[in-house]
Amino acid sequence: MKPSRFHRLVLRLVVLLIFALFPLTGNDYLTVQLTQYTVYGIFAMSLSLLWGYAGILCFGHAIFFGVGAYVMALITKGMVPGFTGFLTSTWVGLVLAVLSVAFFALVLGYFLFYGRLSGPYLGIVTLAISVILERVAVNWYYIGGFNGLTEVPALNFFGWEVRELHALFYFILAVALGLYLFCDRLMRSPLGTTMAAIRDNETRAEFFGYNSANYKILIFCIGGSVAGLAGALFATVTEFVSPTIIGFGFSTEVLIWVALGGKEVLLASFLGAVVVRILEAFLSDLLTYYWIMILGLFFVVSVMFFPRGIFGSLLSDRK
Amino acid sequence: MDLPVQILNSLNYILVLILVAMGLAIIFGLMRVINMAHGEFFLLGAYTVVLTDQAGLGFWLGLLLAPILVGGIGMVIEYICIRHLYRRFLDTILATWGLSIAIKQLIIIVFGPAGLMIKPPLPQMVSFMGIEYPSYRLFIMAVALVTIGLTFYIFLKTDFGLGARAVIDNRDMAAVLGINTRKMYRTTFTFGSALAGLAGAVMAPLMSCDPQMGLGFFIPAFLAILTGGTGTLAGVLVGGGAVGGADSLISFLYSPVVSQIVVFSMVIVVIRIRPQGLLGTKSGR
């Protein structure tokens, strides 16, 4: 059954309402956790943008998240030489985190997409990058090495330090909502249509005169920037960055969230991240080491039998 | 460490890398499946040896058992999972990735996350041309060379190889001409898995076996295929030589981290200039 427009809108509002009302349950611990999961959700949406909407399978998506987080941490901690005073503020941190990730994605995308890499090749090359960057981060002592950087300053806007857990929760939720609306709008724009055309039939799109490599680079930059922003927020929310958030394991996790949730729908990816993390919080104590194994096998099963994800079919407006 | 020893070590690494990459390349060439669990097959091979070593049965039995066991596991995986995904190219790499996570975690559950060492099977040193060299490393090279030679023989000289190359060139035409592609797929997947298992088993005494070691071979092996080009077995030799040689040389001169960065950048530049790889002819990507 194809859900109607109204139906979908209601579902989306219900999800928003559940999130918005959650802190009223008074469970502060879970609210703090949910703040972090919402950041993961933003990260998952950025992958959905690349993978589900543009057909770019990125196995090393944590590189963007990680670079964003490290740039944010280094700038706001005043560890970048020559950056003092205003230049260590949250504003500069956020802007530079996003810009540097966008630039990184631009350079990377130029090599990858003009190298005509696509599909699994692209996936594994990005995977290799994330493994390498993780090793670089572990071995680079100035940025904390294996232990990472602690005491990253909290978000601070005009002297308002967003540290109180409810304020932080609603701030992150608002950012998530804003980014969701932005990405959703973007994919409904002519650009989104072009991306879908390239995803579905690249050769045909090129015959219509679209330079598919340039479009892919563009969406790579946008998706990367959103992931970078998520990373920057993550650094301030957890006040901590470490090499794991740039590496292979985390890239794997986000891919599983998005695949389980449903890569073709932004909100489904978002929910995939949040739900898997919530399950993990409860089940990993119970199942210890078996949790990851079960998650891996569940992932295989979902790829085989539910290629559109668990929430994907529920929330999709495409048949 | 002096230079001749280092060159031999590089050669050693290159040969094992080619062994891993060859399994990956054959599976990819024939089935269009990128087996993300290939590193974990390597891992399973290594841990088979660890298991027989711990059980007191010794290294040699493990070496013999590893390709058989891993090949069998490959066959089962093909039957249960991969078989259903042939028409969905991208999904196979996700599915095999899920499998790789599960297998790696299974190893962690059974053997623990720490590195395990096994007794060196051939502790003697051999001296020739004025240098001392561990005889076990020479043994590895011999095993790898023989296996690589055998694989080439199978693919270039036997009926099976002829059929396999026909499938690589044009699968539909091959199927029309009466080649049982399904059976071919299963054999290939089993064979490729067995190669990875063997590579893991021979490498086990040289490194501490930990659950992450599979990835450490999977990525260079994949880069080797990208560099050399898919579609021909010779591409794997060239790619393996280039990636493995550069990797071990730069690790020796600077550090493993620098070498990873340099090798990776090299590969990226190569595929930017020659997207089909150094020896590739098809634009089959």
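Here the structure is a predicted model, which is why all the values come from computation and not from measurement.

**Notes on the overall build of chain A**
Here's step 1: Along the backbone of chain A there are 13 helices and four strands.
Here's step 2: Expected size for 319 residues packed as a compact globule is a radius of gyration near 20 Å; at 19 Å, chain A falls within 12% of this value.
Here's step 3: A principal-axis box enclosing the C-alpha atoms of chain A has dimensions of 50 × 45 × 40 Å.
Here's step 4: Each of the 319 residues in chain A was classed as buried or not, and the buried ones make up 48%.

**Description of the packing of helix H1 (residues 3-31) of chain B against helix H5 (residues 135-157) of chain B**
All names here are of chain B.
Here's step 1: At a closest axis distance of 9 Å, the pairing of H1 and H5 adopts a crossing angle of 35°. Note that H1 runs across H5; the crossing there is left-handed. Across the interface between the two elements, Leu8, Leu11, Asn12, Leu15, Val16, Ile18, Leu19 and Met22 of H1 pack against Arg137, Ile140, Met141, Ala144, Leu145, Thr147, Ile148 and Thr151 of H5.
Here's step 2: A breakdown of the residues in the contact of H1 with H5 according to their chemical character gives twelve nonpolar, three polar and one charged.

**So, helix H5 (residues 119-139) of chain A**
Here's step 1: Counted at 1.5 Å a residue, the expected span for H5(A) with its 21 residues is 30 Å, and the 31 Å between its end C-alpha atoms agrees.
Here's step 2: By the criterion of burial, H5(A) is predominantly enclosed, with 17 of the 21 residues buried.

**Structural notes on the nonpolar core**
Here's step 1: Counting 196 residues, the largest nonpolar core has A:Phe43, B:Val16, B:Leu17, B:Val20, B:Ala21 and B:Ala46 as the members making the most contacts within it.
Here's step 2: Setting aside residues no more than four positions away along its own chain, B:Ala21 makes contact with B:Ala221, B:Ala224, B:Ile225, B:Val236, B:Gly239 and B:Gly240.

**Some remarks on the confidence of the model for chain B**
Here's step 1: When the pLDDT values of chain B are averaged, the result is 85; 97% of them are 70 or greater.
Here's step 2: Interface confidence for the predicted complex, expressed as ipTM, amounts to 0.78; the pTM equals 0.84.

**Some words on the pairing of strand S2 (residues 131-134) of chain B**
All names here are of chain B.
Here's step 1: Relative to S2, strand S1 (residues 125-128) runs antiparallel, the two being bridged by four bridges. Within the sheet, the bridge partner assigned to Val126 lies in S2 and is Tyr133.
Here's step 2: As consecutive antiparallel partners, S1 and S2 are separated by two residues, and within that stretch Met129 has a phi angle of approximately 45°, a positive value.

Criteria and cut-off values
- Residues numbered from 1 in each chain as written.
- Chains lettered and ligands numbered in written order.
- Predicted model: local features only at pLDDT ≥ 70, side-chain atom pairs only at ≥ 80, totals over all residues.
- Helix = DSSP H or I, 4+ residues; strand = E, 2+ residues; numbered from the N terminus.
- Rg over C-alpha atoms; globule rule 2.2 N^0.38 Å.
- Buried ≥ 20, exposed ≤ 12 C-beta atoms within 10 Å, placed from the backbone.
- Axes fitted to C-alpha atoms, helices over the stretch in contact; angles between N-to-C directions.
- Left-handed = near helix turned anticlockwise from the far one by under 90°.
- Contact = placed C-beta atoms within 7 Å.
- Nonpolar A, V, L, I, M, F, W, Y, C, P; charged D, E, K, R; others polar.
- Expected span 1.5 Å × (residues − 1).
- Core = buried A, V, L, I, M, F, W, Y, C linked by C-beta atoms within 7 Å.
- pLDDT = per-residue confidence, 0-100.
- Pairing = 2+ DSSP bridges.

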